[in-house]
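Fold and geometry: a report
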Amino acid sequence: RYGVFETFLDEREKRLEEIAVRIGRNYASLEDEAQVGVYHFGDEESDRELVYAIFLDSIRKRVTVVFRGTTTALDLKQDLRAIPKAIENPIEGMKGISANVRVHLGFYEYLFANERKKQEQITEDSIRKVDQDKTLSEVERNQLRERLLQQKTQVKRHLEDWETEFGESIESKYDLIMNQAIAILKENPGFKLYITGHSLGGALATLFSANAALHESPYVQKPVTCISFSSPKVGNISFKKTFERMEEDGLIRKVRVLNGLDLIPKTPSLGVFRVLLYVLCPWNVNNEFSHVGIELKLKGTGFVISYDRHDARWLLLADTWRTIKGFIYLFHLIFFLRITKLLYYHTCSEILVRLRNYYEELQKHNIDDLYGRIKKGETGILSRITISKSDRSQKGKNKDAEIKRRKANFIRNSALPTFTAEQRNSFVPEKIE
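Please read all numbers here as calculations on a predicted model, not as lab measurements. (Residues numbered from 1 in each chain as written. Predicted model: local features only at pLDDT ≥ 70, side-chain atom pairs only at ≥ 80, totals over all residues. Heavy atoms only, no water.)

Glancing now at the overall build of the protein chain. In terms of helices and strands, the protein chain carries 17 helices and 13 strands. Counting across all 433 residues of the protein chain, residues that qualify as buried make up 42%. Within the protein chain, counting contacts between residues at least 6 apart in sequence, those at least 24 apart form 71% of the total. Roughly 24,600 Å² of accessible area belongs to the protein chain as shown, and the carbon and sulfur atoms make up 55% of that amount. (Helix = DSSP H or I, 4+ residues; strand = E, 2+ residues; numbered from the N terminus. Buried < 20%, exposed > 50% of the residue type's maximum accessible area, 1.4 Å probe, protein only. Contact = heavy atoms within 4.5 Å. Areas by Shrake-Rupley, 256 points an atom, 1.4 Å probe, with all protein chains shown as cover.)

Given below as structure tokens:
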């Protein structure tokens, strides 16, 4: 199977070829000029904090921030901390919503926790574990303590170096990543900011983009674009209203890509108990988690593009019905002992397969056009495409053949000559006269 990175390189090569033909340039010269690569890769404490990367793409003129999905035990712990945290509404004086919005506590702390306090807490926890380990001698224990304190000092020194370079205070991961992205945008005027991620990474991308869209730097062109994959819900309906206002003002645009049978995007949710909550405590219905942006739902038979506004009652009924269908599907998987399918539909590989199958139809839909229709008042289902089984099968075969052709060309063009042992032993270098 083609991995995500190989697929990215394949699509890059194809796009370079298309651009070369369109502008009448030689493909090789265009490839030499193209700058596509990683500028920052934040994985220093990959088992204790979020992991991200910042890409520069001079072909599409984009700077893209990418967040990693759930991988470690701490990632899973943050996923499960689905407690609504009240934060100040970034857009003041909005009519019809409160001064505060509520977001997922685990996601919020991953991005906005104070870096210095977090490092102090990590060091204290590590020293406590060292002190409790009875297998260590006193000398070993002192050496480990000293090493942990040195790591803490080194992290603080790195933060101070970043603050000196950017000329701004770095309080959180968001501050660090945003300043790194702005530094690249400053060197590449006219480039736009994109944010993406899968699963947990998609949730972090949503929070990051909502704050980046309000950043006052002249180098951050609006709208900021967020494209998330299989992302869980991030904020409550008040957060959704704020997000919609930012969309209307042209500050941000977002597309959520998910598989129709993936249960993760349905969380966190009270499910069928939302109806009971609405009956008993109707004033609390706005505190339920809700999705934002345009939804692209990929199915085995096609795809659906939709956009739901912030009507609390409609979202209540729609999400309840989706949850009921999800439980029915979960029961089907358990009953037929196919529970592994539950994780399969959440993977990037299945999303990539379906995106490839519907590539031609998806090209007919433009994000700007979709938001233009939304501004005119269109809501609900914006597009529904159903593809027959024979067409899907043929598209898949054509795509697989194209991938094999490109892979064969790459291997053939980059292959080095090979020699037998006898040829190597008989080789005599030419004399230089």
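Let's pick the thread back up.
Another point: the nonpolar core. Grouped together as the largest cluster of nonpolar side chains are 47 residues, with contacts concentrated most on Val-65, Phe-67, Leu-111, Leu-193 and Phe-208. For Phe-208, the contacting residues outside a window of four places in its chain are Val-65, Phe-67, Leu-111, Tyr-174, Ile-177, Met-178 and Ile-195. Among the nonpolar cores identified, the runner-up in size contains 16 residues, and Ile-294, Leu-298, Ile-305 and Ile-374 belong to it. (Core = buried A, V, L, I, M, F, W, Y, C linked by side-chain atoms within 4.5 Å.)

Working note: non-glycine residues mostly have negative phi, and peptide bonds are mostly trans. In this model, Lys-222 is joined to Pro-223 through a cis peptide bond whose omega is 5°. Tracing the sequence through the fold places Pro-223 in the loop between α8 (200–212) and β7 (224–229). Thr-267 connects to Pro-268 through a cis peptide bond whose omega is -10°. Within the secondary structure, Pro-268 is located in the loop between β9 (252–259) and α10 (273–280). With phi around 60°, Lys-61 is a residue other than glycine that occupies positive phi space. Position of Lys-61 relative to the elements: it lies in the loop between β2 (52–57) and β3 (62–67). Although it is not a glycine, Ser-199 adopts a positive phi angle of roughly 60°.

Here we come to the pattern of salt bridges. The full count for this structure, using the stated rule, is 13 salt bridges. Between Glu-295 and Arg-256 there is a salt bridge whose closest N-O contact spans 3.1 Å. In this pair, Glu-295 sits in strand β11 (residues 294–299) while Arg-256 sits in strand β9, placing the two residues 39 residues apart along the sequence. Residue classification places Glu-295 among the buried positions, given a relative accessible area of 11%. In this structure Arg-256 comes out as buried when scored by relative accessible area, which is 7%. (Salt bridge = Lys/Arg side-chain N within 4 Å of Asp/Glu carboxyl O.)

In this structure the tally under the stated criterion is six aromatic pairs. Their ring planes at 25° and their centres at 4.8 Å tell us that Tyr-108 and Phe-112 sit as a pair that is stacked. A residue pair is termed a helical-turn pair when its members lie 3 or 4 positions apart in one helix, as Tyr-108 and Phe-112 do in helix α4 (residues 105–112) at four residues. With a centroid separation of 5.3 Å and an interplanar angle of 35°, the aromatic rings of Phe-112 and Tyr-174 are classed as tilted. With Phe-112 in helix α4 and Tyr-174 in helix α7 (residues 173–187), the pair connects residues that are 62 residues apart, well separated along the chain. Given a relative accessible area of 8%, Tyr-174 falls into the buried group. A connected cluster of aromatic rings, assembled from ring pairs, spans Phe-67, Tyr-108, Phe-112, Tyr-174 and Phe-208. (Phe/Tyr/Trp six-rings, centres within 6.5 Å; stacked < 30°, edge-to-face > 60°.)

Moving on, we come to the packing of helix α3 (residues 73–80) against α4. The geometry of α3 relative to α4 is characterised by a closest axis approach of 6 Å and an angle of 125° between their N-to-C directions. Between α3 and α4, the angle is such that the two are oblique. Between α3 and α4, the residues in contact are Leu-74, Asp-75, Gln-78 and Asp-79 and Gly-106, Phe-107, Glu-109 and Tyr-110, respectively. Among the residues making up the contact of α3 with α4, the classes are represented as three nonpolar, two polar and three charged. (Axes fitted to C-alpha atoms, helices over the stretch in contact; angles between N-to-C directions. Parallel < 35°, antiparallel > 145°, perpendicular 65-115°, else oblique. Nonpolar A, V, L, I, M, F, W, Y, C, P; charged D, E, K, R; others polar.)

Time to look at helix α9 (residues 237–248). In this model α9 runs 16 Å from its N-terminal to its C-terminal C-alpha over 12 residues, within 8% of the 16 Å that 1.5 Å per residue would give. In terms of burial, α9 is largely enclosed, as 10 of its 12 residues are buried. Positive backbone phi, approximately 75°, marks Gly-250, located one or two places after α9. (Expected span 1.5 Å × (residues − 1).)

By the secondary structure assignment, Leu-258 is in strand β9. Note: C-alpha distance between Leu-258 and Leu-296 (38 residues apart in sequence) is 6.5 Å. Every residue in contact with Leu-258, bar those within four places of it in the chain, is listed here: Ser-230, Pro-265, Glu-295, Leu-296, Lys-297 and Leu-298.

For the protein chain, the average pLDDT comes to 78, and 69% of its residues sit at 70 or higher. Note on residues 1–9: pLDDT is under 50 here. Beyond four places in sequence and across chains, it has 11 contacts. Note on residues 427–433: pLDDT is under 50 here. Beyond four places in sequence and across chains, it has zero contacts. (pLDDT = per-residue confidence, 0-100.)

By the secondary structure assignment, Val-155 is in helix α6 (residues 138–166). Owing to a relative accessible area of 19%, Val-155 belongs among the buried residues under this scheme. When the C-alpha atoms of Val-155 and Glu-44 are compared, they prove to be 9.7 Å apart, with 111 residues separating the residues in sequence.

What follows concerns the pairing of β11. Most of β11 sits inside the fold, with five of its six residues counted as buried. Pairing geometry for β9 and β11, over five bridges, is parallel. Bridge pairing in β11 links Leu-258 to Lys-297. Joining the antiparallel neighbours β11 and strand β12 (residues 302–307) is a turn of two residues. (Pairing = 2+ DSSP bridges.)

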